[in-house]
Amino acid sequence: METKKIKTPSGAELELKTSLTFGEVQEITSTLAGEIQLEYTEEGKLKTPKISADILTKLENKEIEKVVVSVNGEKENILEKIKNLDGKDYNFVILEVKKITKDYGFEEKKSL
């Protein structure tokens, strides 16, 4: 597994994977699949899917879990450590993670 190290605006050091395995991509995709409900009309036409309001947060969390290897050299409880970083690191971390996951069909967030 190839990784790269980056520093966040607040100075935290993150180690990120540079690519994902087939299984990791499937796990991210399954996060989406579990949150979308498909319904059909009596005529058999697909209705507009119902999507959970917190789907983007769940997707970001799963992407973080699959891409980030360590936070300040620590490899345990990655998501919790990311959530405890300075708030100004949010966009930076998400954009860095999206640089990896966009190659697998997950769109890159432009800005908040």
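The structure we're discussing is the one just above.
This write-up is about the structure you can find in this document.

What counts and what doesn't
- Positions within a chain are numbered from 1, following the residues in the order the chain's sequence is written.
- Residues qualify for local features only when their pLDDT is at least 70, as the model is predicted, and side-chain atom pairs are given and counted only at 80 or more; totals for whole chains, interfaces and linings, by contrast, use all residues.
- In computing side-chain properties, one takes all heavy atoms of the structure into account and sets aside hydrogens as well as water.
- Per the convention used, a helix needs a DSSP run of H or I reaching at least four residues, while a strand needs a run of E reaching at least two, with both numbered from the N terminus.
- Polar contact is the term for a pair of N or O atoms within 3.5 Å; when the atoms are in protein, one must be able to donate a hydrogen and the other to accept it, and sequence-neighboring residues count only if both atoms are side-chain atoms.
- We call two residues in contact whenever any of their non-hydrogen atoms come within 4.5 Å of each other.
- Here's how the labels work: a residue is buried when its accessible area is under 20% of the maximum for its type, exposed when over 50%, partly exposed in between, all with a 1.4 Å probe on protein chains only.
- Charged residues are defined narrowly, with Lys and Arg counted positive, Asp and Glu counted negative, and His plus the chain ends left uncounted.
- Within this document, salt bridges are pairs made up of a side-chain nitrogen of Lys or Arg and a carboxyl oxygen of Asp or Glu, the two lying within 4 Å of each other.
- The span you would expect from a helix comes to 1.5 Å times its residue count less one.
- Starting at the helix axis, one direction is taken to each C-beta atom, and the arc is that of these directions.
- Throughout, nonpolar core names a set of buried Ala, Val, Leu, Ile, Met, Phe, Trp, Tyr and Cys residues whose side chains join them through atoms within 4.5 Å.

1. Overview of the side chain of Glu24
Along the chain, Glu24 turns up in helix α1 (residues 22–33). Within the structure, Glu24 has its side chain in polar contact with the side chain of Lys17 (distance 2.3 Å). Those residues in contact with Glu24 that lie beyond four places of it in its chain are Lys17, Ser19 and Lys66.

2. Focus: the side chain of Asp89
Examined against the element boundaries, Asp89 turns out to sit in the loop between α3 (78–83) and α4 (90–101). Buried and unpaired, Asp89 has no salt bridge, with Lys88 as the nearest side chain of opposite charge at 6.4 Å. Each residue touching Asp89, except ones within four places of it in the same chain, is listed here: Thr8, Pro9 and Ser10.

3. Describing α1
Over its 12 residues, α1 runs 16 Å from end to end, which matches the ideal 16 Å to within 8%, given 1.5 Å per residue. Among the residues making up α1, those that are buried are Glu24, Val25, Ile28 and Thr31. Seen from one end, α1 has its buried residues packed into an arc of 110 degrees, which puts them on one side. α1 presents Phe22 and Ala33 as exposed residues on the side facing more than 90 degrees away from its buried surface. If you follow the buried residues of α1, they end up packed against β2 (13–17), α2 (55–67) and α4.

4. Details of the nonpolar core
Core analysis: the largest hydrophobic core is formed by 20 residues, its most contacted members being Leu14, Ile64, Val68, Val71, Ile82 and Leu85. Taken together, the elements giving at least two residues each to this core come down to β2, α1, α2, β5 (68–71), α3 and α4. The greatest single-element share of this core, amounting to 4 residues, is contributed by α4. Residues in contact with Ile64, not counting those within four places in the same chain, are Ile78, Leu79, Ile82, Ile94 and Val97.

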